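Structure assessment
The lines below spell out each chain.
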Amino acid sequence: DTGVSQNPRHKITKRGQNVTFRCDPISEHNRLYWYRQTLGQGPEFLTYFQNEAQLEKSRLLSDRFSAERPKGSFSTLEIQRTEQGDSAMYLCASSLIGDNEQFFGPGTRLTVL
Amino acid sequence: DQQVKQNSPSLSVQEGRISILNCDYTNSMFDYFLWYKKYPAEGPTFLISISSIKDKNEDGRFTVFLNKSAKHLSLHIVPSQPGDSAVYFCAASGDYGGATNKLIFGTGTLLAVQP
């Protein structure tokens, strides 16, 4: 069990550029979550997958954000036309169906200049 | 609206003493509560959880107490160790009519354990 991994760990980009993050969950976990954390706040839910199906999206997830989990394993989160307000830590978590505990990756720190 | 509240941004305790971190919630639909610990530049690490059908859960030095009537839970760490110094997040999940189990987090409490 290697835990949840995320890549890259850090991303610096200029406003208006597109960025993509990857999350590899714990191998047998069929649920995958994306959260966003800004300074002084707790993580906020963005979206959720059960296997390859995206079952819920937060209103925080604007049209510029898209997430996929094509084969029910790894997931990607893409932000198009980044804005300075997108600067945050993007966290991925995974769990088994029926379990309440979610296990988090180390996060991707995004800085939009 | 902040459904999960951690009103103490920081707490400082001496090594060997008890640390008590508090959390309040407003949504009566929450039925499961979790505590996570977070070091800088790392993701949250799961510590301990409690179902709403219980009022106490213990795991080693960590005990979580739940008072449903007061919508309040607390995390006790005893004895506190310098390695416990981190930000602690309270989180809750509930039956929202779907199968999400998404977590709603508080804003965190920074615990500093002084040697």
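Scroll up for the structure.
Below: a short report on this structure.

What counts, and where the lines are drawn
- Residues numbered from 1 in each chain as written.
- Chains lettered and ligands numbered in written order.
- Predicted model: local features only at pLDDT ≥ 70, side-chain atom pairs only at ≥ 80, totals over all residues.
- Heavy atoms only, no water.
- Helix = DSSP H or I, 4+ residues; strand = E, 2+ residues; numbered from the N terminus.
- Rg over C-alpha atoms; globule rule 2.2 N^0.38 Å.
- Buried < 20%, exposed > 50% of the residue type's maximum accessible area, 1.4 Å probe, protein only.
- Areas by Shrake-Rupley, 256 points an atom, 1.4 Å probe, with all protein chains shown as cover.
- Lys, Arg positive; Asp, Glu negative; His and termini not counted.
- Charge placed at Lys NZ, Arg CZ, Asp CG, Glu CD.
- Patch = residues over 30% accessible without salt bridge, like charges linked within 9 Å, V, L, I, M, F, W, Y side chains within 5 Å.
- Salt bridge = Lys/Arg side-chain N within 4 Å of Asp/Glu carboxyl O.
- Contact = heavy atoms within 4.5 Å.
- Buried area = accessible area lost by both parts, 1.4 Å probe.
- Polar contact = N/O pair within 3.5 Å; in protein donor to acceptor, adjacent residues only side chain to side chain.
- Phe/Tyr/Trp six-rings, centres within 6.5 Å; stacked < 30°, edge-to-face > 60°.
- Lys NZ or Arg CZ within 6 Å of the ring centre and 35° of its normal.
- Disulfide = S-S within 2.5 Å.
- Core = buried A, V, L, I, M, F, W, Y, C linked by side-chain atoms within 4.5 Å.

Once that is clear, we can look at the overall build of chain B. Within chain B, the secondary structure is distributed over 0 helices and 11 strands. Of the regular secondary structure in chain B, the N- to C-terminal order runs β-β-β-β-β-β-β-β-β-β-β. Taken over the C-alpha trace, chain B has a radius of gyration of 14 Å; the compact-globule value for 115 residues is 13 Å, and the two agree within 12%. Projected onto its principal axes, the C-alpha coordinates of chain B cover approximately 45 × 30 × 20 Å. When burial is assessed residue by residue, chain B has 48% of its 115 residues classed as buried. For chain B, the accessible surface area stands at approximately 5400 Å², while carbon and sulfur atoms represent 50% of it. Of the side chains in chain B, 10 bear a positive and 10 a negative charge, and the two mean positions are spaced by 2 Å.

In this section: a nonpolar patch on the surface. Residue and element names in this part refer to chain B. Where nonpolar side chains cluster on the molecular surface, the patch consists of Ile-18, Ile-20 and Val-78 and spans about 230 Å² of accessible area. Structurally, Ile-18 can be placed in the loop between strand S2 (10-14) and strand S3 (19-25). For Ile-18, a relative accessible area of 41% translates into the label partly exposed.

Taken together, the 20 residues of chain B in the interface contact 21 residues of chain A. Surface buried jointly by chain B and chain A totals about 1700 Å² across both partners, of which 53% is contributed by carbon and sulfur atoms. The closest approach of N and O atoms between B:Lys102 and A:Glu56, which form a salt bridge, is 2.8 Å. At the junction of chain B with chain A, the criterion picks out 8 residue pairs in polar contact (both at pLDDT 80 or more). Elements with a contribution of two residues or more to the side of chain B that touches chain A: strand S4 (30-38), strand S5 (45-51) and strand S9 (86-94) of chain B. A per-element tally of the side of chain B that touches chain A places S4(B) first, with 4 residues.

Scanning all chains against the criterion turns up 16 aromatic pairs over all chains. Ring pairing ties together the aromatic residues A:Tyr33, A:Tyr35, A:Phe45, A:Tyr48, A:Phe103, A:Phe104, B:Tyr36, B:Phe46, B:Phe89 and B:Phe105, which thus form one cluster. The ring of A:Phe74 carries A:Arg22 above its face, with NZ or CZ at 3.9 Å from the centroid.

The subject of this paragraph is the environment of B:Ala70. Residue and element names in this part refer to chain B. Examined against the element boundaries, Ala-70 turns out to sit in the loop between strand S7 (62-67) and strand S8 (72-77). Accessibility expressed as a relative area gives 45% for Ala-70, which makes it partly exposed. Here the alpha-carbon distance between Ala-70 and Leu-11, two residues 59 residues apart in the chain, equals 22 Å.

Residue and element names in this part refer to chain B. If you trace the backbone, Ser-74 turns up in strand S8. Within polar-contact distance, the side chain of Ser-74 engages the side chain of His-76 at 3.4 Å. Leave out the neighbours within four places in its chain, and Ser-74 touches Ile-20, Leu-21, Asn-22, Trp-35, Thr-63, Val-64 and Phe-65.

Turning next to the state of the cysteines. Residue and element names in this part refer to chain A. Applying the stated criterion across every chain, the model contains 2 disulfides over all chains. The side chain of Cys-23 participates in a disulfide bridge whose partner is Cys-92; the two sulfur atoms lie 1.8 Å from each other. Between Cys-23 and Cys-92 the disulfide shows an S-S torsion of about -65°. By sign, it is left-handed. Here Cys-92 lies in strand S9 (residues 88-95) and Cys-23 lies in strand S3 (residues 19-24), a separation of 69 residues in the sequence.

Take the nonpolar core next. Judged by nonpolar contacts, the single largest core of 24 residues is most densely connected at B:Phe33, B:Trp35, B:Leu73, B:Leu75 and B:Tyr88. Within the residue set of this core, elements represented by two or more residues are S3, S4, S5, S7, S8, S9 and strand S11 (109-114) of chain B. Looking at which element gives the most residues to this core, the answer is S9(B), with 4 residues. With near-sequence residues (within four places) excluded, B:Phe33 lies in contact with B:Tyr25, B:Ile48, B:Ser49, B:Ile50, B:Ser52, B:Leu66, B:Leu73, B:Ala91 and B:Ala92. Counting residues in hydrophobic clusters, the runner-up holds 19 residues, among them A:Val4, A:Leu61, A:Ala88 and A:Leu110.

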